[in-house]
Amino acid sequence: MSAEQLETVLAETRSFPPSDDFVNAAHIGGMDAYKKKYQESIENPEKFWGDVAEELHWFKKWDTVLDDSNKPFYKWFDGGKTNICYNCVDRHLDGANANKAAIIWEGEHGEERVLTFRDLYREICKFSNALKSIGVKKGDRIAIYLPMVPELAIAVLSCARIGAVHSVIFAGFSSESIKDRVLDSECNIVITSDGGSRRGKILPLKKIVDEAVADCDCVKNVVVVKCSSGAEPYPCDFNEKRDLWYHDIVKDQPVHCPAEELDAEDMLFLLYTSGTTGKPKGIIHTTGGYMVYTYLTSKYVFDLKPEDVYWCTADVGWITGHSYIVYGPLQNAATVLMYEGAPNFPDEGRFWEIVEKYAVSIFYTAPTAIRAFMKWGDEFPEKRDLSSLRLLGSVGEPINPEAWMWYRDKIGGNRCPIVDTWWQTETGGILITPLPGVTPTKPGSATLPFFGIDAAVIDEDGKEQQAGLLSVRKPWPGILRGIYGDPERFKETYWCKWKGEYYFPGDGARKDDDGYFWIVGRVDDVVNVSGHRIGTAELESIYVEHPAVAESAVIGIPHEIKGQGLASFVILRKGFEGSDELLKELNNLVAQKIGKFALPEKIVFSSDLPKTRSGKIMRRLLRDIATGKDLGNVTTLADPSIVESLKSKYQDN
Ligand code: PRX
């Protein structure tokens, strides 16, 4: 968030209480009910979470709710045996939900598929049996690189059913990123598709996977979902020895497959995310705690009711899709809408057409999308009947009050509460959020902690402050259990700051007089571009692979739509000069190593960067240059003149 945005937020005094109707019908209605339950959850978390877990199916009950004998390697529901896929699907087959729509899918070209819970059960069982038939066993790691089609949810849930660990890789990542992730966790199967649809074009997913796995000896099979519909198949190569068509391997499989009885602490999935080094981290989530946490947060934050049509526009390739498209809502027997495609195809009104068509009642999206909708114009939502909506959500980055107000007015008709939900890949589920039938909302604030979340704003010494670092003082069931293959990095990144006592998310925050949290943004070298986390160190290590580059520094800059963009300052080696050609080469390198979504807004070539006399790059100064701030005293720099030259280069760029 820029300084200006922060100032606007600080001056924000508007407050919007939920309507009486909403309060009366909500799962949790009214502030008193919230406070009482919150108090109980903090005073006796084991009782609180144990009671919640009772609402779900366990093959064997746990011995302890929370085992904190080996901090920070917490265990939840240890000794318990369960299966999250069973809780998402099988649990709903006994009664009226069996024939309820579990997934409503719309393709970019208007194709439709509806899977009831019974259909979903059968598809999952068939694919689970197919995976077993090709030798997949409990604990195997399976990479999934698919567009937003029902098979993505089916693949995720099938892995969960048989105890295989899924590692979903967002379909915008490049082959090198896939390779790194597959090798890091030694996946033996990759599930992909012939292609996917995006803004009228075909994404050649199989081709990208082929390039990725060419160097991965661990991969035994590539399972390929045929996504192309109509007469023309998406063209792709097929390696008869390694590749298997999804439809072939599921064809003759039985429609029942027992759900594996898993230990609560068995690994459920890995999801890679950026940190402050060049290497993404494989975040580990396990079965029981993640299950209970996503179940309860979905139920209360989205106030899920049987008749809701719930649409989260995230991709299952990110944590939001894992927790709030697949696992959380399905455990609550919600009807989930999935859309494969762009919000502006064939025009900028596509989302509102979908809301009208399926009578969507809960809509959960990202501030970057909201800012794009604002820019595209009010006429698109105005053309459609959005009266089915009753609740709106926001996630992924701080939402600026202007976008919040627009969302409330133009999409929510000044009728729908907005839940601005703060959380992370590592937290597994939502930690700070309004509850729609409880919390008077303030534009730009994620408001109050969820049950069991003891959040605080503190300084480096652990003292509470009005502005400072966000911390969480108690573990909760959905918390990450580690970084794959790197327990030291896990401890260092999240637990070192306050002697292992509190979880450190890496965000700065402010707490107002009402106890509301205002998340300011990252305090480390991670940038939220359109809500996608990008570690600046990742780009920096890519640039130096180019023979022309000696050193680089990448920073986050304010961006009207993306929230933040990236600016790269690149020092060239002697004998090289900045040119459009070189710029293109560097961009290609980033697209090839990470994906196009990580491209910077600007690249500035320079002979030097502002450094302290000890040689440390002063990123703060680079940020000030980028935002046009007064640079103040620069005499501590090794070479103060560099700042002026960078300033003019940045402006000319
Ligand atoms: O900086 C915070 C921001 O997104 C980061 C987490 O990114 P990721 O793991 O990719 O997960 C995104 C989806 C949960 C956080 O450290 N962030 C997320 N939600 C919010 C937010 N910042 C402000 N307000 C939010 N509601």
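Residues numbered from 1 in each chain as written. Predicted model: local features only at pLDDT ≥ 70, side-chain atom pairs only at ≥ 80, totals over all residues. Heavy atoms only, no water.

**Some points on the domain arrangement of the chain**
So the rule is basically this: Segmentation of the chain into domains, including their bounds, is taken from an automatic or database domain assignment. Contact criterion: two residues are considered in contact whenever any of their non-hydrogen atoms come within 4.5 Å of each other. In short, buried area is how much 1.4 Å probe accessible area vanishes from two parts on joining, totalled over both. Any carboxyl oxygen of Asp or Glu within 4 Å of a side-chain nitrogen of Lys or Arg constitutes a salt bridge here. Two N or O atoms count as a polar contact when they lie within 3.5 Å, although within protein this holds only if one can serve as hydrogen donor and the other as acceptor, and sequence-adjacent residues are included solely when both atoms are side-chain atoms. All amino acids are sorted into three groups, where Ala, Val, Leu, Ile, Met, Phe, Trp, Tyr, Cys and Pro are nonpolar, Asp, Glu, Lys and Arg are charged, and the leftover types, Gly among them, are polar.
With domains assigned, the chain is organised as domain 1 (117–263) and domain 2 (526–652). One C-alpha centre belongs to domain 1, the other to domain 2, and the line joining them spans 37 Å. On the side of domain 2, seven residues touch domain 1, which itself brings six residues to the contact. The contact between domain 1 and domain 2 buries some 500 Å² in all, and 48% of this surface belongs to carbon and sulfur atoms. Here domain 1 and domain 2 share one salt bridge between them. For the interface between domain 1 and domain 2, the tally reads seven residue pairs in polar contact (both at pLDDT 80 or more). Looking at side-chain class alone, the side of domain 1 that touches domain 2 contains two nonpolar, three polar and one charged residues.

**Considerations on the packing of helix 14 (residues 367–376) against helix 16 (residues 401–411)**
Where we set the bar: Helix axes are fitted to C-alpha atoms over the stretch in contact, other axes to C-alpha atoms as well, and angles between N-to-C directions run from 0 to 180 degrees. For the purposes of this entry, the term helix denotes a DSSP run of H or I that reaches at least four residues, the term strand denotes a run of E that reaches at least two, and both are numbered from the N terminus. Angular relationships are summarised with four words: roughly parallel below 35 degrees, roughly antiparallel beyond 145, roughly perpendicular across 65 to 115, and oblique for the angles in between.
One way to put it is that helix 14 packs onto helix 16 with a least axis distance of 10 Å and a crossing angle of 70 degrees. By the criterion of interaxial angle, the relationship of helix 14 to helix 16 is roughly perpendicular. Listed contacts from helix 16 to Ile370, Arg371, Phe373 and Met374 of helix 14 are Glu402, Ala403, Trp406 and Tyr407. Residues that form the contact of helix 14 with helix 16 fall into these classes: six nonpolar, no polar and two charged.

**Notes on the site of the ligand**
The condition that has to hold: The near set for a molecule or strand comprises every residue that places at least one heavy atom within 4 Å of it. Each accessible area is a Shrake-Rupley result for a 1.4 Å probe, and residues are judged covered by the shown protein chains and nothing else.
In the vicinity of the ligand there are 17 residues, among which Asp420, Thr421, Thr425, Arg522 and Arg533 approach most closely. Between an oxygen atom of the ligand and a side-chain N or O atom of Arg522, the distance comes to 2.8 Å. When the ligand is considered free in solution it has 550 Å² of accessible area, and contact with the protein chains removes 97% of it. Elements represented by at least two residues in the shell around the ligand include exactly helix 12 (319–331), strand 20 (418–421) and strand 25 (517–522). Looking at side-chain class alone, the shell around the ligand contains six nonpolar, six polar and five charged residues.

**As for the pattern of salt bridges**
Opposite charge on two side chains permits them to pair, given that their charged atoms come into close proximity. Taken as a whole and judged by the stated rule, the model has 45 salt bridges. Among the salt bridges present, the one from Lys61 reaches Glu54, with a minimum N-O distance of 2.9 Å. Note that Asp378 is salt-bridged to Lys410, the shortest N-O span being 3.6 Å. A residue pair is termed long-range when its members are at least 10 positions apart, and Asp378 in the loop between helix 14 and helix 15 (379–382) and Lys410 in helix 16 qualify at 32 residues.

**Focus: the sheet that holds strand 12 (residues 243–245)**
Threshold: Here, any two strands with at least 2 DSSP bridges between them count as paired.
The sheet built from eight strands is open, its strands ordered 12-11-8-6-7-14-15-23 with mixed pairing. Taken across any chain shown, the strands that pair with only one partner, and hence form the sheet edges, are strand 12 and strand 23 (482–483). As judged from the four bridges shared by strand 6 (residues 141–145) and strand 7 (residues 165–168), these two strands associate in the parallel manner. By the bridge assignment for strand 7, Arg141 is matched with Val165. Together, strand 7, strand 14 (267–273) and strand 15 (281–286) form the strand contacts of helix 12, whose direction differs from that of strand 14 by roughly 140 degrees.

**Let's talk about empty space enclosed by the protein**
Worth spelling out the cut-off: Lining residues are those with an atom within 4 Å of a point, where the points come from a 1 Å grid over the protein atoms alone and group into cavities, where a 1.4 Å probe fits but cannot get out, or pockets, open sets with protein on both sides within 12 Å along at least five of seven lines. Grid points are joined across faces, edges and corners, and a volume is the space filled by probe spheres set on the points.
Summed over all chains, the structure comprises four cavities of 30 Å³ or more. Of the pockets and cavities examined, the largest cavity occupies roughly 80 Å³. Every residue along the wall of the largest cavity is listed here: Phe173, Arg181, Tyr272, Thr273, Ser274, Trp318, Arg533, Ile534, Glu538, Ile594, Phe597 and Ala598. Breaking the lining of the largest cavity down by element, the ones donating at least two residues are strand 14 and strand 27 (532–535). The residue makeup of the lining of the largest cavity, split by class, is seven nonpolar, two polar and three charged.

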